[in-house]
Amino acid sequence: GTPSVTAQGSEQVSQPSEVVNLNSVGQGAGDDPNPALRLNIVSDTGATRDVIGSESASDMTAMRPLDPPVTLVTAGQEPEHVTVEVDVDHGGGLTTESGLYTPWATLTLISVCMRLAAGWGFWAKGEDAVLADPNGVGYSFKLVEGLHRYVPGGLKPSLHRVAQWLTESGCGCDNEE
């Protein structure tokens, strides 16, 4: 049968009602030439693959047809057939390989579970979340209007700093005996 991908909530969430100043969420001024677009990139623990929305079209580095198409099942929506996969440079070092291109959606969903299966780590507490690659390079997300949105060039914590942050937050992650 046709592969099925679940991408929770991609069509259920409205766009931010106003432009958010990324300087207030850890982004250094001038780090990203178009920071407002990053508000459309969110971490998603329900997506089994990255799902690339129309707001990320200008960041695509490759595009390939999918044969057979993939059926995308999204909460509360009719299944959609995706016929194109893409590679994307989201800025700040975060990339997608073979993401499902959904030009009818504006949000780009960064699959947390796919990356966890590949040896990445993910930590979230309150407004802050960090997705860390297997080399320990962290990618920051900040809670804005109910979604953890990507902050390219923002705080890029190492795994050591994440562990320290969690310990100081009272998460019981202290490795010392």
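Remember, it's a predicted structure, so these values are computed and weren't measured experimentally. Every residue gets a number counted from 1 within its own chain, in the order that chain's sequence is written. Since the coordinates come from a predicted model, pLDDT governs what is reported: local features require at least 70, and pairs of side-chain atoms require 80 or more to be given and counted, while whole-chain, interface and lining totals use all residues. Based on all heavy atoms of the structure, the side-chain values leave hydrogens and waters out of the count.

Novice: Explain the overall build of the protein here, please?
Specialist: Secondary structure elements are taken from DSSP: a helix is a run of H or I of four residues or more, a strand is a run of E of two residues or more, and numbering for both begins at the N terminus. Counting secondary structure elements, the protein contains 2 helices and 11 strands. Element order for the protein, N to C, with α for helix and β for strand: β-β-β-β-β-β-β-α-β-β-β-β-α. When accessible area is computed with a 1.4 Å probe and restricted to protein chains, residues below 20% of their type maximum are described as buried, those above 50% as exposed, and intermediate ones as partly exposed. Here the protein holds 177 residues, and 44% of them are scored as buried. Two residues form a contact once any of their heavy atoms are found within 4.5 Å. Restricting the contact set of the protein to residue pairs at least 6 apart, pairs at least 24 apart contribute 59%. If you sum the accessible surface of the protein, you get close to 8,900 Å²; carbon and sulfur atoms cover 50% of it. Each accessible area is a Shrake-Rupley estimate made with a 1.4 Å probe; only the visible protein chains count as cover when residues are assessed.

Novice: Hey, could you run me through the side chain of Thr71 in this one?
Specialist: Looking at the element boundaries, Thr71 is found in strand 4 (residues 60-73). Under the relative-accessibility criterion, Thr71 is labelled buried at 13%. As used in this structure description, the phrase polar contact means that two N or O atoms lie within 3.5 Å; if the pair is within protein, one of them must be able to donate a hydrogen and the other to accept it, and residues adjacent in sequence are counted only when both atoms belong to side chains. In terms of polar contacts, Thr71 uses its side chain to reach the side chain of His81, at 3.3 Å.

Novice: For this particular structure, what's the right way to read the packing of aromatic side chains?
Specialist: Where two aromatic rings form a pair, the distance of their centres and the angle of their planes describe that pair. Between rings of Phe, Tyr and Trp, where Trp is taken as its six-membered ring, a pair exists when centres lie within 6.5 Å; planes separated by under 30 degrees are stacked, by over 60 edge-to-face, and by other angles tilted. A complete count under the given rule lists 2 aromatic pairs for this structure. Relative to Tyr150, the ring of Phe141 has its centre 5.4 Å away and its plane inclined at 45°; by these criteria the two rings are tilted. Taking the relative accessible area as the measure of exposure, Phe141 reaches 2% and is therefore buried.

Novice: Would you mind going over unusual backbone geometry with me for this structure?
Specialist: Excluding glycine, most residues fall at negative phi; most peptide bonds, likewise, are trans. With an omega of 10°, the peptide bond running from Asp67 to Pro68 counts as cis. Residue Ser98 is not a glycine yet carries a positive backbone phi of 60°. Along the polypeptide, Ser98 turns up in strand 6 (residues 94-102). Phi is positive for Glu145, close to 50°, though the residue is something other than glycine.

Novice: What's the story with the nonpolar core in this structure? I'm lost.
Specialist: The nonpolar side chains of a soluble globular protein tend to be buried with one another. For this analysis, a nonpolar core means a set of buried residues of the types Ala, Val, Leu, Ile, Met, Phe, Trp, Tyr and Cys, connected via side-chain atoms within 4.5 Å. Judged by nonpolar contacts, Val42, Ala47, Val51, Leu66, Val70, Leu72, Val82, Leu100, Leu107, Leu109 and Leu147 together constitute the single largest core of 11 residues. Per-element accounting of this core gives the leading share, 3 residues, to strand 4. Ile110, Ala129, Tyr139 and Tyr150 belong to the second-largest nonpolar core, a separate cluster that totals 8 residues.

Novice: Can you help me understand the pattern of salt bridges in this one?
Specialist: Within this document, salt bridges are pairs made up of a side-chain nitrogen of Lys or Arg and a carboxyl oxygen of Asp or Glu, the two lying within 4 Å of each other. Applying the stated rule across the entire model yields 6 salt bridges. The closest approach of N and O atoms between Asp87 and Arg64, which form a salt bridge, is 2.9 Å. Here Asp87 is found in strand 5 (residues 80-91), whereas its partner Arg64 is found in strand 4, with 23 residues between them in sequence. Since its relative accessible area comes to 17%, Asp87 is described here as buried. Put simply, Arg49, Arg64, Glu85 and Asp87 are held in one network by salt bridges that share partners.

Without other data, these values stay purely geometric and don't point to any function.
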